[in-house]
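# Coordinate inspection notes
The primary structure of each chain is shown beneath.
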Amino acid sequence: MRWIAALVMTIVGAGGALAAPSPSFNAGLIRLTVKDEAASFDTVVFYPTNAPEVPWQAGPFTIRATRNAPPVPDHRFPVVLISHGKGGGPFSHRELATALAHAGFIAILPTHVGDASGHPPAPTQARILIDRPRQAEAALDAVLADPRLSASADAGRIGMVGYSAGGYTALILAGAKPDFAYASAYCGEHDDPGSCPRRKPADATPGVQAGAAIPPELAAWRPPVDHRLKALVLMDPLAMMFDAPGLSAVRVPTLLFRPRDDSYLASARNSLAIASGLPAVPAVHVVPGNHFVFVDPCPAAIAAEAPMICQDAPGVDRAAIHRQIEQDILDFLRAKL
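Each chain carries its own residue numbering, running from 1 in the written order of its sequence. The predicted nature of this model means local features are confined to residues of pLDDT at least 70 and side-chain atom pairs, given and counted, to a pLDDT of 80 or more, with totals for whole chains, interfaces and linings taken over all residues. In computing side-chain values, all of the structure's heavy atoms are included and hydrogens and water are not.

The name an unreviewed UniProt entry assigns to the protein is Dienelactone hydrolase, from the organism Bordetella genomosp. 9.

This is the structure in C-alpha cells:
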C-alpha cells in the first residue's frame, strides 16, 4: 500500500506517440538527507553522467539511473526543482527526471514530509501549506552546496516543475501571494473534491473546511520568494488560493499543462485562473485524460489496486502523453534557462 500511496496526489499534451528524446547523456542518481527546521527529509537528484546506465528497482518502480555515478566533468548544467503532489514522492515523476538528466539538466526531487507517502501526515493542512515551499528551497540549497554536485550545477539557470500541490509550491516560490480567505469562500460555494477535500472542523484551513477561520500560524505566515527561479512548469496546479492581484509578482516565463477532463480539480479556479491571472500569458497545453494523467505510468504490480490514479479512460495513452510532455518541457526549459 505504501507504493500505491506514493502515486496519490489529492491536493493535488497533446496525444500522439512520440519517441523518447534521444539522450545526450546517461542518468545518474544520488540521495541526500536535507536538514529542515521541522524534520529532515529525503531528496533524490537525477543528473547527467557519462557512466554506463544501470537500472535498479525501488519497490515496484524501475529507476533508469545509475546510483552514485560521477557527474559529467567540466560542465555546468541548469537545475530543475520538481515538486510532487499530496501523498506522492520523488519517484512519482521519475521518468521526467530521467529525461531531464538525459538532456543535460540536474533534477532535484524533494520529499514533502507531512504530505508524502511513507511519512506521518502533518497535524494540519496549514502546516503543509507553510512547509512545502520551505522544503523545496532547502532541497535546492542542499544540492547547490553538496560537493558532489556543486561544481556541476549552474546556479544562474534554475527552473521549477510543480504538479498539483507542487504547482502551489512553485507559485509561492515564484512570488505568488495566497489569499486563504478567498480560497475558503470558494470552497463554501463549490463542490470541488481536488481543491476542497472535507476534513474535521478542527483542521479549519482554506481548501479543507469551507467558510472556516484562518489559523493564526497561516495568517501570520510570510511566504518565501526565491528570486533564483527563472522559469516555471505547472501541471494542473492547485491554485484556488491565488487571485489576479496575488499573481501579479510572478514574472517568470511559465508553461502550463491542464487536463481535458477537469472533474477532479476544477479548472475554473485552478489552471484557468492561472492562465488568465499571470501578468505574462503562459503557454498552455491541454492534454487528454484527467488530473492524474500527469503521474508517471503505474507499474503493473499496483495498477489494478489504484484505479483512480492509474487507470485512464479509453483512448488515453499515458505513456505517449508523457513522452510529449517531456519533450514540451525540455523545449521550454532550453529556451528559458
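Runs of H or I in DSSP of at least four residues are treated as helices and runs of E of at least two as strands, each being numbered from the N terminus. Relative to the assigned elements, S150 resides in the loop between α3 (125–145) and β8 (153–163). C-alpha separation for the pair S150 and R76, spaced 74 residues apart in sequence, amounts to 9.0 Å. The residues contacting S150, other than those within four sequence positions of it, are R76, V143, L144 and A145. Contacts were defined at the residue level, with two residues in contact if any of their heavy atoms lie within 4.5 Å.

Paired strands are those between which DSSP finds at least two bridges. The strand order across the open sheet formed by nine strands is β5-β1-β2-β7-β6-β8-β9-β10-β11, and the pairing between neighbours is mixed. One side of each edge strand has no neighbouring strand; the edge strands of this open sheet are β5 (66–67) and β11 (283–287). Alignment of strand β1 (residues 26–34) against strand β2 (residues 41–49), held across nine bridges, turns out to be antiparallel. Considered in β2, the bridge of V34 is made with F41.

With that out of the way, let us pick up helix α2 (residues 94–102). Note on classification: 1.4 Å probe, protein chains only; a residue is buried when its accessible area is under 20% of the maximum for its type, exposed when over 50%, partly exposed between these limits. Burial analysis of α2 places eight of its nine residues in the buried class, the great majority of the element. Turning to α2, its buried residues number three or more, namely R94, L96, A97, T98, A99, L100, A101 and H102. Two residues or fewer after α2 comes G104, characterised by a positive phi angle close to 95°.

Moving on, we get to the nonpolar core. Nonpolar side chains tend to gather and get buried jointly when the protein is soluble and globular. Nonpolar core, defined: a set of buried Ala, Val, Leu, Ile, Met, Phe, Trp, Tyr and Cys residues in which side-chain atoms within 4.5 Å join the residues together. Residues F46 and L333 are the most contacted members of the largest nonpolar core, which totals 104 residues. The element contributing the most residues to this core is α3, with nine residues. Once you skip the residues sitting within four places of it in the chain, L333 turns out to touch V80, L100, F105, A231 and V233.

All right, on to the side chain of T49 then. With respect to the secondary-structure elements, T49 resides in strand β2. Counted as a polar contact is a pair of N or O atoms within 3.5 Å, where, for protein atoms, one must be capable of donating a hydrogen and the other of accepting one, and residues adjacent in sequence contribute only when both atoms are in side chains. A polar contact of 2.6 Å, which involves the side chain of T49, links it to the backbone oxygen of P70. In this structure, T49 is in contact with F25, N26, A27, G28, A69, P70, P71 and V72, ignoring residues within four places of it in sequence.

Moving on: the pairing of strand β7 (residues 106–110). Put simply, side chains in a regular strand alternate between the two faces of the sheet. Taken across its five residues, β7 has five buried, putting it largely inside the fold. Burial along β7 is two-sided: the residues I106, I108 and P110 and A107 and L109 are all buried. Here β2 runs beside β7; their pairing, made up of four bridges, is antiparallel. Its bridge partner lying in β7, V45 is registered against I108. Bridge count between strand β6 (residues 77–83) and β7: three bridges; the pairing is parallel.

Only Phe, Tyr and Trp rings take part, Trp by its six-membered ring, and two of them pair if their centres are within 6.5 Å. Stacked means planes under 30 degrees apart, edge-to-face means over 60, and tilted covers everything else. By the definition in use, this model includes six aromatic pairs. Measuring from centroid to centroid gives 6.2 Å for Y163 and F294, while their planes differ by 45°, and the two rings are tilted. Of this pair, Y163 sits in strand β8 while F294 is found in the loop between β11 and α9 (300–303), placing the two residues 131 residues apart along the sequence. Neither residue differs from the other here; Y163 and F294 are each classed as buried. Three or more aromatic residues link up through ring pairs in this structure, and these residues are Y163, F257 and F294. Just above the ring of W56 sits the side chain of R67; from NZ or CZ to the centre is 4.1 Å. The rule is short: NZ of Lys or CZ of Arg within 6 Å of the ring centre and within 35 degrees of the ring normal puts a charge over the ring. Across from the ring centre of Y182, 3.6 Å away, lies the NZ or CZ of R269, which sits over that ring.

By definition here, a salt bridge exists when the distance from a side-chain nitrogen of Lys or Arg to a carboxyl oxygen of Asp or Glu is within 4 Å. A full pass over the atoms with the stated rule returns 16 salt bridges. One salt bridge connects K86 with D115, and the closest N-O pair in it is separated by 3.2 Å. With K86 in the loop between β6 and α2 and D115 in the loop between β7 and α3, the pair connects residues that are 29 residues apart, well separated along the chain. Residue K86 is classed as buried on the basis of its relative accessible area, which comes to 16%. One salt bridge in this structure joins R148 and D146, with 3.0 Å as the shortest N-O distance. Using a relative accessible area of 11% as the deciding quantity, one classes D146 as buried. Salt bridges sharing common partners tie together D36, E37, R127, D131, R134 and E217.

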